[in-house]
Amino acid sequence: MTEKPSATGTHSAPEEAKRAGAISDFGIDTTSKTTNEAISDYFAKVRGGELGSLPALAGLVVLVIYFATQSEFFLSLNNIANLFQQGAGTVIIAMGLVFVLLIGEIDLAAGTASGVCAAIMALHVVRNGNLLGGMGTTVFYVFCALLVVALGLGLLMRIWAGAALALVALLITLIGVPANAWLEMLLAIAVGGSIGCITGFLVAKIGMPSFVVTLALFITWQGVILKLIGQGGTLPISSESPTLNAVANGNLSISGSWIFCAIVVAGYAGVTLGQHFKRLNGGLVTQPTPIALAKVAAIAVLAIVGTYIFTINRSQSSIVIEGVPYVVPIVLGIMVIGLYVLNRTRYGRHIYAVGGNAEAARRAGINVSKIRASVFVVSSALAAIGAIVYSSKVGSVDPQAGALNTLLFAVGAAVIGGTSLFGGRGRITDAVIGGTVIAIVQNGLGLLNYGAAEINIITGIVLLVAATVDALSRRRAAAAQS
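A brief structural summary. Keep in mind it's a predicted model, so treat the numbers as computed, not measured.

Okay, the overall build of the protein chain next. Looking only at helices and strands, the protein chain features 20 helices and 2 strands. Expressed as a percentage of its 482 residues, the buried residues of the protein chain come to 45%. Counted over contacts in the protein chain with a minimum sequence separation of 6, partners at least 24 positions apart contribute 76%. Total accessible area computed for the protein chain in this model is approximately 23,200 Å², and 66% of it derives from carbon and sulfur atoms.

Next up, the structure:
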């Protein structure tokens, strides 16, 4: 006897019954929503306190409109490119801090840790790989000993990535490989991962408050930078390494820019629509198809317009400057990896679980101490990448590398973008949005000839407003659920 087709025409009656039974057993929500219902549901969540990045996006629009009307140079092609290049280092450090903030901790040492990574990278460049000669015997052996300690701690806590980075840093240091830009960038990241192993052990295993540990390390690493570079000293990298100079100052070719644009659009469309139709075919609840298509169209338009703008010559001299800056694919690449790790891996879900309720996560079998330690490894490694970018932009490393406002702006970027200081809520994209807000504030106020005092005051007020919105939205969300 022929099986009767289902209402959808794609499954037989027994298959539909089996699937319906499985859905019933596991309590899967299969309630479909129309486009209007999905939009209404979104606004209901906003009214309930789930604001996400909405305040930052709204502020971003307001800031762009304000500065565009106040300065004729704000929307110039050269200034737009400078915005991305100047803010990229802070954004990358902020993306690492998102991991720490998600578990309700703080890493005050991320800024000066990035400075240590930058100083060691620059020292390797200037000394042609001879770190022993650059550091001096005592400092060199202490540095190697710390790398051995970081390696041991990484193995002890079973944070294999951190242990591997510590081993890489130790090998490069001891072998004394001649200067090579790619090797030096790897060394910086490896040193960052090693620093994260030490920080994570003190917080997760010893049980010291992250605020105290990272504040102490903030001061310590600042002293280390001064020891490596010297009072008033500077380590140039632009003149020594064209590759390092190009990281923040170089651009893709015209054809490379359009290829990158095509990859971004095709990749986003493939992931978004592929997941959407997979859930539809599986009978699971998902966003309405028109909304999914609208998101893909919006990203496509944004990517095409942005690429077109960047491919126009933005130089005001005879030198041609065109193409998408290298920092754009660097930041987007890190963001995509971060999104995948936090949203698509067990490790990412464990981070959210620990941030939401550490005790419940422990009872569910999650190794809470390992998760708490590992996020500091991620934070310090990304801080090292941020150090590479901002050192490339300024062309040198000095004793103030990673100090001053570097950390404050990075933390501010994550919080302004929507990451909660209380843990359990936030996304990697929050750092990108918040970092863009801070970059626009600094750039716009600079164009309007405001001094450092006014820029710091206004940036601080923006951060205070963001923290206030976070606290109020949490209170409103808790009230809505009770």
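Quick look at helix α10 (residues 210-229) now. Structural remark: α-helix, 3.6 residues per turn; residues separated by three or four positions point the same way. For α10, with 20 residues, the first-to-last C-alpha span of 28 Å sits near the 28 Å given by 1.5 Å per residue. For α10, the full list of buried residues reads Ser210, Val213, Thr214, Leu217, Phe218, Trp221, Ile225, Leu228 and Ile229. The arc enclosing the buried residues of α10, seen along the axis, measures out at 140°, which places them on a common side. Turned more than 90 degrees away from the buried face of α10 sit Ile219 and Lys227, all of them exposed. One or two steps after α10, the chain reaches Gly230, where phi turns positive at roughly 95°.

Next up on the list: the nonpolar core. In terms of nonpolar packing, the biggest core is built from 107 residues, with Ile92, Met95, Ile120, Met135, Val191 and Ile351 touching the most fellow members. With 13 residues, the next largest nonpolar core counts Ala150, Leu153, Ile159 and Val377 among its residues.

What counts and how
- Residues numbered from 1 in each chain as written.
- Predicted model: local features only at pLDDT ≥ 70, side-chain atom pairs only at ≥ 80, totals over all residues.
- Heavy atoms only, no water.
- Helix = DSSP H or I, 4+ residues; strand = E, 2+ residues; numbered from the N terminus.
- Buried < 20%, exposed > 50% of the residue type's maximum accessible area, 1.4 Å probe, protein only.
- Contact = heavy atoms within 4.5 Å.
- Areas by Shrake-Rupley, 256 points an atom, 1.4 Å probe, with all protein chains shown as cover.
- Expected span 1.5 Å × (residues − 1).
- Arc of directions from axis to C-beta.
- Core = buried A, V, L, I, M, F, W, Y, C linked by side-chain atoms within 4.5 Å.

That's the geometry; what it means functionally is another story.
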